[in-house]
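# Chains, contacts and geometry: an overview
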Amino acid sequence: MEHLGWNIFEPRTYRPSQLQVLSVSSLIILGFSVDEVLCSLGRFCSMLKPSSMATLAARSVASAGYFIHFNHKLLFKQFPRRSAVPISSIGSIHSTHQNLKSSGETPVPSRRNIVEILKERSLLESVTSEELKSACVSSNLKVYCGFDPTAESLHLGNLLGIIVLSWFQRCGHTPVALIGGATARIGDPSGKSLERPELDVETLERNTVGIRETIGRVLGNSNGEEGGLVVLNNYDWWKDMRLLDFLKRVGRYARVGTMMAKESVKKRLESEQGMSYTEFTYQLLQGYDFVYLFENEDVNVQIGGSDQWGNITAGTDLIRRISQAEGAYGLTFPLLLKSDGTKFGKSEDGAIWLSPSMLSPYKFYQYFFSVPDADVVRFLKILTFLDLEVVEEIAREMRSPGYVPNSAQRRLAEEVTRFVHGQEGLDEAIKATEALRPGAETALDWRAIDAIAQDVPSCSFAYNEVLNSSLVDLSVSSGLFETKSAARRLLKQGGVYLNNSRVDSDGRKIEAQDIIDGKVLLLSAGKKNKISQAAIGSTSLAISSLLPEASV
Ligand SMILES: Nc1ncnc2c1ncn2[C@@H]1O[C@H](COP(=O)(O)OP(=O)(O)OP(=O)(O)O)[C@@H](O)[C@H]1O
Ligand SMILES: N[C@@H](Cc1ccc(O)cc1)C(=O)O
């Protein structure tokens, strides 16, 4: 059977021994990138529902073609050697992230002008040269974005860099994520009014692990491998650089006047505190990173938020002077702002972290579910890969009289959560949302409650303390109500729920079957049953009653 060039074999019709299995790197030596192989698959996948794609996993690579297992079938596609692959035969790039794709994404024709795509999605602020527009169509670019490990997790503002890298990846280019193990020891003065506190080595290492994990999860592939993504750490080339080498190799080419004219320096010099020499050199470190990557890793584009312009142009300048070469480009995107004009960052309260250990997929989902109507279309354009026509359609629906409130937010929350946390994270978030909706008729299992226990007020009791206790007593001892009379009052009004079922009698006792899987139960007060309000600070309360000591 032939599906857009992919042959499908039932398991019984192929013998694994027939495959000459090579590693992913051998495929690249043969001249293909994994993305290029998967992009052809993209056309096939776009016919399938996202849920079925969750099972898609690229497994083995053969010299003559590419094999993947899909829904217990083996798909095979033969690829000619790279020199013989006409660009047009390479279809759309398919996101390698869990190989998932949402149904509203139209496949991006390979080599589509990435600069145009970013522009139409409001993801383009400036480019260092207009030539980038032609270079991105005619050649395979290697594009890097740097992330200093100054926190354990990246945040929503940093997601823009990942999204732009992903757009490059979808257009057939190679993304490189650079972790600033060295630069984080200095601290980027860009956009900062005060010098950053110094971080100790253990913190930096812990942060590096967290950030690497997030980038690999979002831009890597379903096997947990990094696939076409390259991840580097600039500490690797800075740790052995001696001061005299630095002054000779980099300092000699840097003009102090140009360095002083950078926005990040000018602003700081005007301030009372001024700027340390260490911070002043930051632009040279980032600038030389680009030189190093250009010369050693064939990286030819650096991207970053608009506050990175000075550091990025320091790099393109140094490449012209040190490497005496053209063909290195910089591109910046606007900073993501809330509707009140403030920046999404990590210093403010309630940062939107990308790591599930800092912010659960449920809370992440809820954040997007609750964004104001004024922001939702802008976010759909910037933060999702939905076709712009689909976004336009959603915007039209929002203006129409029959619009169901929050439908646009729901779509936004689904798309962004799937991109960042994968289908599993999205499923977890939806399940938790349902479970936490008082009055919802969701069958609860202890895993769902356990997953949300960190997101709602929760407490622990010994199993025997819970079994046979009066619900009214428990709702007070757990802190859900201040007094028994308050509990009884709401109960009479039909506003108290046990495991999402309304409680009718104030004599109700907790029975063994109420303790889900012998471990947990969920109490809710009030029927604030709008999903958006089931967010952080909901009135639901998970109570565990694990034997012999409970803990949630
Ligand atoms: N809101 C944002 N929109 C787009 N890019 C951002 C945003 N916030 C940060 N970035 C990008 O991520 C890089 C790293 O962010 P950085 O650690 O310097 O600051 P931050 O996380 O915003 O911290 P803070 O909250 O302390 O200002 C920035 O230089 C910028 O390019
Ligand atoms: N300066 C960037 C991080 C970065 C570090 C090194 C680079 O080469 C590039 C970017 C930031 O503040 O997040």
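Residues numbered from 1 in each chain as written. Chains lettered and ligands numbered in written order. Predicted model: local features only at pLDDT ≥ 70, side-chain atom pairs only at ≥ 80, totals over all residues. Heavy atoms only, no water.

## So, the overall build of the protein chain
The helix and strand inventory of the protein chain stands at 22 helices and 17 strands. The burial tally for the protein chain puts 53% of its 552 residues in the buried class. Sequence-distant contacts, at least 24 apart, represent 75% of the contacts inside the protein chain between residues at least 6 apart. Total accessible area computed for the protein chain in this model is approximately 24,700 Å², and 50% of it derives from carbon and sulfur atoms. (Helix = DSSP H or I, 4+ residues; strand = E, 2+ residues; numbered from the N terminus. Buried < 20%, exposed > 50% of the residue type's maximum accessible area, 1.4 Å probe, protein only. Contact = heavy atoms within 4.5 Å. Areas by Shrake-Rupley, 256 points an atom, 1.4 Å probe, with all protein chains shown as cover.)

## A few points about the site of ligand 2
Around ligand 2, the surrounding shell consists of Y144, G146, D148, L178, T183, D188, N234, Y282, Q286, D289, Q302 and Q308. Measuring from a nitrogen atom of ligand 2, one finds a side-chain N or O atom of Q286 at 2.8 Å. Mapped by element, the contributors of at least two residues to the shell around ligand 2 are β8 (142-147) and α13 (282-297). With three residues, the top contributor of residues to the shell around ligand 2 is α13. Taken together, the residues of the shell around ligand 2 sort by class into three nonpolar, six polar and three charged. (Near = heavy atom within 4 Å. Polar contact = N/O pair within 3.5 Å; in protein donor to acceptor, adjacent residues only side chain to side chain. Nonpolar A, V, L, I, M, F, W, Y, C, P; charged D, E, K, R; others polar.)

## Observations concerning the site of ligand 1
Contacts to ligand 1 come from 19 residues, most closely from H155, Q308, L336, K346 and S347. At 2.7 Å from an oxygen atom of ligand 1 is found a side-chain nitrogen or oxygen belonging to K192. Residue G305 places a main-chain N or O atom 3.1 Å away from an oxygen atom belonging to ligand 1. If ligand 1 stood free it would expose 600 Å²; the protein chains cover 89% of that surface. Looking at the shell around ligand 1 element by element, the count peaks at three residues for helix α6 (residues 156-170).

## So, the sheet that holds strand β12 (residues 329-333)
Two modes of strand pairing occur in sheets, parallel and antiparallel, and in both the strands are linked by backbone hydrogen bonds. The sheet built from six strands is open, its strands ordered β7-β12-β11-β8-β9-β10 with mixed pairing. Edge positions in the open sheet fall to β7 (126-127) and β10 (230-233), since each of these has one partner strand only. Against the sheet, α6 contacts β8, β9 (174-179), β11 (301-305) and β12, and its axis sits at roughly 170 degrees relative to β8. (Pairing = 2+ DSSP bridges. Axes fitted to C-alpha atoms, helices over the stretch in contact; angles between N-to-C directions.)

## Observations regarding the domain arrangement of the protein chain
Along its sequence, the protein chain is organised into domain 1 (114-333), domain 2 (360-436) and domain 3 (446-537). Put simply, the middle of domain 1 and the middle of domain 2, counted by C-alpha atoms, are 30 Å apart. Every contact between the two is made by 14 residues of domain 1 and, on the other side, 14 residues of domain 2. Interface area lost by domain 1 to domain 2 is led by R121, L156 and I163, which between them contribute 40%. Between domain 1 and domain 2 we count zero salt bridges in total. Taken together, the links from domain 1 to domain 2 amount to four residue pairs in polar contact (both at pLDDT 80 or more). Listed by contribution, the elements that provide at least two residues to the side of domain 1 that touches domain 2 are α6 and α7 (201-219). Considering each element in turn, the side of domain 1 that touches domain 2 owes the most residues, eight residues, to α6. A per-class count over the side of domain 1 that touches domain 2 returns eight nonpolar, two polar and four charged. (Domains from an automatic or database assignment. Buried area = accessible area lost by both parts, 1.4 Å probe. Salt bridge = Lys/Arg side-chain N within 4 Å of Asp/Glu carboxyl O.)

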